[in-house]
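# Breakdown of the fold
Residues per chain are reported as follows:
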Amino acid sequence: STPIKSSAASDVYKRQMQDITSEIDRENQIITDLLSLVKMDKKVADLNITQVNINELLEQLLKRLHPIAAQKNVELILDSFRPVNAEVDATKLSLAFSNLIENGIKYNRPGGSVTVSIHQEAATAVLHVSDTGMGISPEYRDSVFQPFFRIDKSRSRKMGGVGLGLALVREIAVLHGGSVAVESSSDSGTTFGVTLPTEQDG
């Protein structure tokens, strides 16, 4: 029985490595494209628009990020009551949502949580990613979405370490005709709100 178990474990490991390699290649390409947009100050890009169930997309992301959250002793919660469908680029949107959720995990407190909520208001999909972490200092909140924004290391813990990742999140939202906002305090953590039109013009 030992060889069978070993073979099965090896197959699982190979599949995981293939998934990780594919994910890295995919995200590298997206980051390259979006960095070009930032540098050239363009507001248009090629979007592979399809009809996407945002609830299912988020479920998949939370499942993928669960091991990271468990290692940090952070609970992941999905708060959704009705299906929300939108015309989006699923790959780019997954990258944006992953950035927000991973930040919520990484800069949280042990025993904390990251709550992802999704609902629809008229023709707009509204997503919130709320964490119970340290919060973002008021002096940085207007700057966190700026491309290549950096702060010195002595202040990075107050900031939550966000930088280029949030610039990419904003770019992706804007490319879809949407927007991103942030609310934060040291008492209640940080909430990022993303609004997206459910239908793309043209």
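The structure we're discussing is the one just above.
Given the structure is predicted, the values throughout are model-derived calculations rather than measurements.

## Notes on the nonpolar core
Membership of the largest hydrophobic core comes to 39 residues, with the highest contact counts inside it found for Ile54, Phe97 and Ile101. Listed by contribution, the elements that provide at least two residues to this core are helix H2 (54–71), strand S3 (85–89), helix H3 (90–106), strand S4 (113–121), strand S5 (124–131), helix H5 (164–175), strand S6 (179–185) and strand S7 (189–197). Discounting chain neighbours no more than four positions away, the residues touching Ile54 are Val84, Ala86, Val88, Leu93, Phe97 and Ile118.

## So, the pattern of salt bridges
For the coordinates displayed, the defined rule picks out two salt bridges. Note that Asp89 and Lys92 form a salt bridge whose closest N and O atoms lie 3.5 Å from each other. Its relative accessible area of 10% is what places Lys92 among the buried residues. Here Glu171 and Arg170 are joined by a salt bridge, their closest N and O atoms 4.0 Å apart. Accessibility expressed as a relative area gives 27% for Arg170, which makes it partly exposed.

## A look at empty space enclosed by the protein
For the structure shown, the criterion picks out two cavities of 30 Å³ or more. The wall of the second largest cavity is formed by Leu93, Ala96, Phe97, Val169, Ile172, Ala173, Val180, Val194 and Leu196. When residues of the lining of the second largest cavity are traced back to their parent elements, those giving at least two are H3, H5 and S7. Of the residues in the lining of the second largest cavity, the class split is nine nonpolar, no polar and no charged.

## Topic: the sheet that holds S6
Strand order in the open sheet made by the five strands is S2-S4-S5-S7-S6, with mixed pairing throughout. Edge strands, defined here as strands with exactly one partner in the open sheet, are strand S2 (75–79) and S6. Between one strand axis and the next, the sheet turns through 15° on average, direction left out of account. Sheet topology places S2 next to S4; five bridges connect them, and they run parallel. Within the sheet, the bridge partner assigned to Asp79 lies in S4 and is Ser117. Contacts from H3 reach S2, S4, S5 and S7, with the element oriented near 170° to S7.

## Focus on H2
Three- or four-residue spacings in an α-helix give side chains the same orientation, since the helix completes a turn every 3.6 residues. Taking 1.5 Å per residue, 18 residues should reach 26 Å; H2 reaches 26 Å between its end C-alpha atoms and fits that length. Listed as buried for H2 are Ile54, Asn55, Leu57, Leu58, Leu61, Leu62, Leu65 and Ala69. Where H2 is buried, its residues touch strand S1 (49–53), S2, S3, H3, S4 and S5. By the N-cap criterion, in which a side-chain oxygen at the helix start approaches the backbone nitrogen of a residue two or three places on, H2 is capped by Asn53, the distance to Asn55 being 3.0 Å. Downstream of H2 by a residue or two, Asn73 has a phi angle that is positive, lying close to 60°.

## Structural notes on H3
End to end, H3 covers 24 Å across 17 residues, agreeing with the expected 24 Å (1.5 Å per residue, within 8%). Where burial is concerned, most of H3 is hidden: 13 out of the 17 residues are buried. Its side-chain oxygen placed 3.2 Å from the backbone nitrogen of Thr91, Asp89 serves as the N-cap of H3.

## What about the environment of Ser137?
Looking at the secondary structure, you find Ser137 in the loop between S5 and helix H4 (156–159). Spatially, the C-alpha atom of Ser137 lies 7.4 Å from that of Ser185, the residues being 48 residues apart in sequence.

## Points about the pairing of S7
As paired strands, S5 and S7 are joined by seven bridges and run antiparallel to one another. Within S7, the residue paired with Val129 across the bridge is Phe192. By the bridge criterion, seven bridges tie S6 to S7 in an arrangement that is antiparallel. Bridge pairing in S7 places Ala181 opposite Gly193. Between S6 and S7, which pair antiparallel in sequence order, lie three residues.

About the thresholds
Numbering of residues begins from 1 in every chain and follows the order in which that chain's sequence is written. The predicted origin of the model limits local features to residues at a pLDDT of at least 70 and limits the giving and counting of side-chain atom pairs to 80 or more, whereas totals for whole chains, interfaces and linings rest on all residues. By convention in this description, side-chain values take in all heavy atoms of the structure and omit both hydrogens and water. Nonpolar core, defined: a set of buried Ala, Val, Leu, Ile, Met, Phe, Trp, Tyr and Cys residues in which side-chain atoms within 4.5 Å join the residues together. Burial status follows relative accessibility: with a 1.4 Å probe on protein chains alone, a residue under 20% of its type maximum counts as buried, one over 50% as exposed, and anything between as partly exposed. In DSSP terms, a helix is any run of H or I states spanning at least four residues, a strand is any run of E spanning at least two, and both are numbered starting from the N terminus. The contact criterion used is simple: two residues touch if any of their non-hydrogen atoms lie within 4.5 Å. The term salt bridge refers to a side-chain nitrogen of Lys or Arg lying within 4 Å of a carboxyl oxygen of Asp or Glu. Only protein atoms enter the 1 Å grid used here. Points where a 1.4 Å probe fits but cannot escape make up a cavity, open sets with protein on both sides within 12 Å along at least five of seven lines make up a pocket, and a residue lines them when an atom lies within 4 Å of a point. Grid points are joined across faces, edges and corners, and a volume is the space filled by probe spheres set on the points. For this classification, Asp, Glu, Lys and Arg are treated as charged, while Ala, Val, Leu, Ile, Met, Phe, Trp, Tyr, Cys and Pro are nonpolar and the rest, including Gly, are polar. Strand pairing is assigned whenever DSSP identifies at least 2 bridges connecting the two strands. Each axis is a line fitted through C-alpha atoms, and for a helix only the stretch in contact is used; angles between axes span 0 to 180 degrees, taken between their N-to-C directions. Multiplying 1.5 Å by the residue count of a helix minus one yields the expected span of that helix. Polar contacts, as used here, are pairs of N or O atoms within 3.5 Å; protein pairs need one atom able to donate a hydrogen and one able to accept it. Residues neighboring in sequence count only if both atoms are side-chain atoms.

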